[in-house]
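# Survey of secondary and tertiary structure
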Amino acid sequence: MKIIKALIVLAVVITLSTLSKTTAQAQERHDIRLSWAFGARGNYGLASHTSLSYIGDLDNSPQEPREGATTWLSAALDYGYRVNKWFSIGGSLAWSAGLCNLYDSQTLKHWDTIHVDYISLMPIARFTWLRRNIVELYSSLGATAGIEHWVHYLNGKHHTYRPYLSYDIKPIGISVGRTWCGFAEAGYGARGIVNIGVRYRF
């Protein structure tokens with residue numbers, strides 16, 4: 001009889017624990033993500049941007065300046081709401097910056113430096129297509145209008161502001177963890193090419 005009572009008590013405890021855990025997981029519909037990415041160095045076409053239309057208008061300016069390697073840095077703060085276990089929707093405040101040096105195509109002397117910032121607040125959707133214990137594989141997509149800020153340093157600072165189309169496509173992302181987790185994503189857009197970060201779910 002004591003064994004039966006003990007088994008009943010154990011079954012009740014396990015059931016309550018399972019229900020409590022399930023309820024807690026069901027209530028964890030919100031998540032906050034912080035991510036960053038450091039772009040590879042390479043030529044990304046800053047010098048060919050139309051915001052450099054003043055080239056050729058200034059004294060002694062090269063008609064076709066040689067572009068040095070561009071360094072990119074990106075960071076993003078995201079919020080997401082889980083509609084169900086496979087789909088979430090939210091927003092991303094994304095910032096990315098590029099720095100590039102221009103050189104005279106004839107003398108190879110440093111001619112100008114370009115610094116550009118892209119800032120956008122975009123809606124973003126995530127689709128989880130594989131869940132295994134604490135591991136999730138997912139994809140995300142977002143698009144909006146953003147603001148770009150260009151700074152040129154030739155003959156003093158010159159600032160240019162204008163809107164641009166901001167988008168971010170991440171075909172593959174992986175997260176490991178439950179309430180707190182780390183994640184990595186690969187794709188292209190405002191939030192970097194390969195970005196890593198942390199997520200908190202509540």
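Since the structure is predicted, the reported quantities are computational estimates derived from the model, not experimental observations.

What counts and what doesn't
- Residues numbered from 1 in each chain as written.
- Predicted model: local features only at pLDDT ≥ 70, side-chain atom pairs only at ≥ 80, totals over all residues.
- Heavy atoms only, no water.
- Phe/Tyr/Trp six-rings, centres within 6.5 Å; stacked < 30°, edge-to-face > 60°.
- Helix = DSSP H or I, 4+ residues; strand = E, 2+ residues; numbered from the N terminus.
- Buried < 20%, exposed > 50% of the residue type's maximum accessible area, 1.4 Å probe, protein only.
- Pairing = 2+ DSSP bridges.
- Core = buried A, V, L, I, M, F, W, Y, C linked by side-chain atoms within 4.5 Å.
- Contact = heavy atoms within 4.5 Å.
- Polar contact = N/O pair within 3.5 Å; in protein donor to acceptor, adjacent residues only side chain to side chain.
- pLDDT = per-residue confidence, 0-100.
- Salt bridge = Lys/Arg side-chain N within 4 Å of Asp/Glu carboxyl O.

## Regarding the packing of aromatic side chains
- Within the structure shown, the criterion is met by six aromatic pairs.
- Judged by centre distance (4.8 Å) and plane angle (40 degrees), the ring pair of W180 and Y200 falls under tilted. Pair noted here: W180 is in strand 7 (residues 180-189) and Y200 is in strand 8 (residues 194-201), with a separation of 20 residues, a long-range link.
- Judged by relative accessible area, which is 59%, W180 ranks as exposed.
- Note on Y200: relative accessible area 32%, which makes it partly exposed.

## Let's talk about the pairing of strand 1 (residues 30-38)
- What you see with strand 1 is a clean split: D31, R33, S35 and A37 sit on the buried side and H30, I32, L34, W36 and F38 on the side with no burial.
- As defined by bridge partners, strand 1 adjoins strand 8 across six bridges and the pair is classed as antiparallel. Its bridge partner being in strand 8, D31 is matched across the sheet by R201.

## Examining the nonpolar core
- In terms of nonpolar packing, the biggest core is built from ten residues, these being W72, C100, L102, W111, I114, V116, Y118, W150, L154 and Y164.
- Where this core is concerned, the elements lending two or more residues are strand 3 (87-103) and strand 4 (110-132).
- Considering every element that reaches this core, the biggest residue donor is strand 4, with four residues.
- Apart from residues lying up to four places away in sequence, Y118 is in contact with W72, A94, W95, S96, I147, E148, W150 and Y164.

## Re the environment of Y167
- Positionally, Y167 belongs in strand 6 (residues 158-177).
- A relative accessible area of 35% places Y167 in the partly exposed class.
- Sequence-wise, Y167 and T144 are 23 residues apart; in three dimensions their C-alpha atoms are separated by 6.3 Å.
- Sequence-distant contacts of Y167, defined by excluding residues within four places in its chain, comprise M122, G142, A143, Y188, G189 and A190.

## Details of the side chain of E148
- Looking at the secondary structure, you find E148 in strand 5 (residues 135-152).
- There is a polar contact of 2.7 Å between the side chain of E148 and the side chain of W150.

## Points about the confidence of the model for the protein chain
- Mean pLDDT over the protein chain: 79, with 72% of residues reaching 70 or higher.
- Mean pLDDT across the elements of the protein chain bottoms out in helix 1 (residues 2-27) (50) and peaks in strand 8 (95).
- Confidence drops under a pLDDT of 50 for residues 18-25, and excluding neighbours within four residues, the segment shows two contacts in the predicted structure.
- Note on residues 40-59: pLDDT is under 50 here. Beyond four places in sequence and across chains, it has 47 contacts.

## Digging into the pattern of salt bridges
- Counting across every chain of the model gives ten salt bridges.
- A salt bridge links R131 to E136; the nearest nitrogen and oxygen atoms lie 3.0 Å apart.
- Assessed through its relative accessible area of 8%, E136 is described here as buried.
- The shortest N-O distance in the salt bridge between K170 and D168 comes to 2.7 Å.

## Here's the deal with the environment of L77
- You can see L77 is positioned in strand 2 (residues 66-84).
- For L77, a relative accessible area of 46% translates into the label partly exposed.
- Not counting chain neighbours up to four residues away, the residues in contact with L77 comprise I32, R33, L34, G91, S92 and L93.

## Some details on the pairing of strand 6
- Relative to strand 6, strand 5 is paired through 17 bridges, and the arrangement is antiparallel. The residue of strand 6 that forms the bridge with Y138 is G173.
- What sits between strand 5 and strand 6 in their antiparallel hairpin is a turn of five residues, with N155 showing a positive phi close to 55 degrees.
- Pairing between strand 6 and strand 7: eight bridges, direction antiparallel. The residue bridging D168 from the neighbouring strand is G189, located in strand 7.
- Remark: two residues form the turn of the hairpin made by strand 6 and strand 7, two consecutive strands paired antiparallel.

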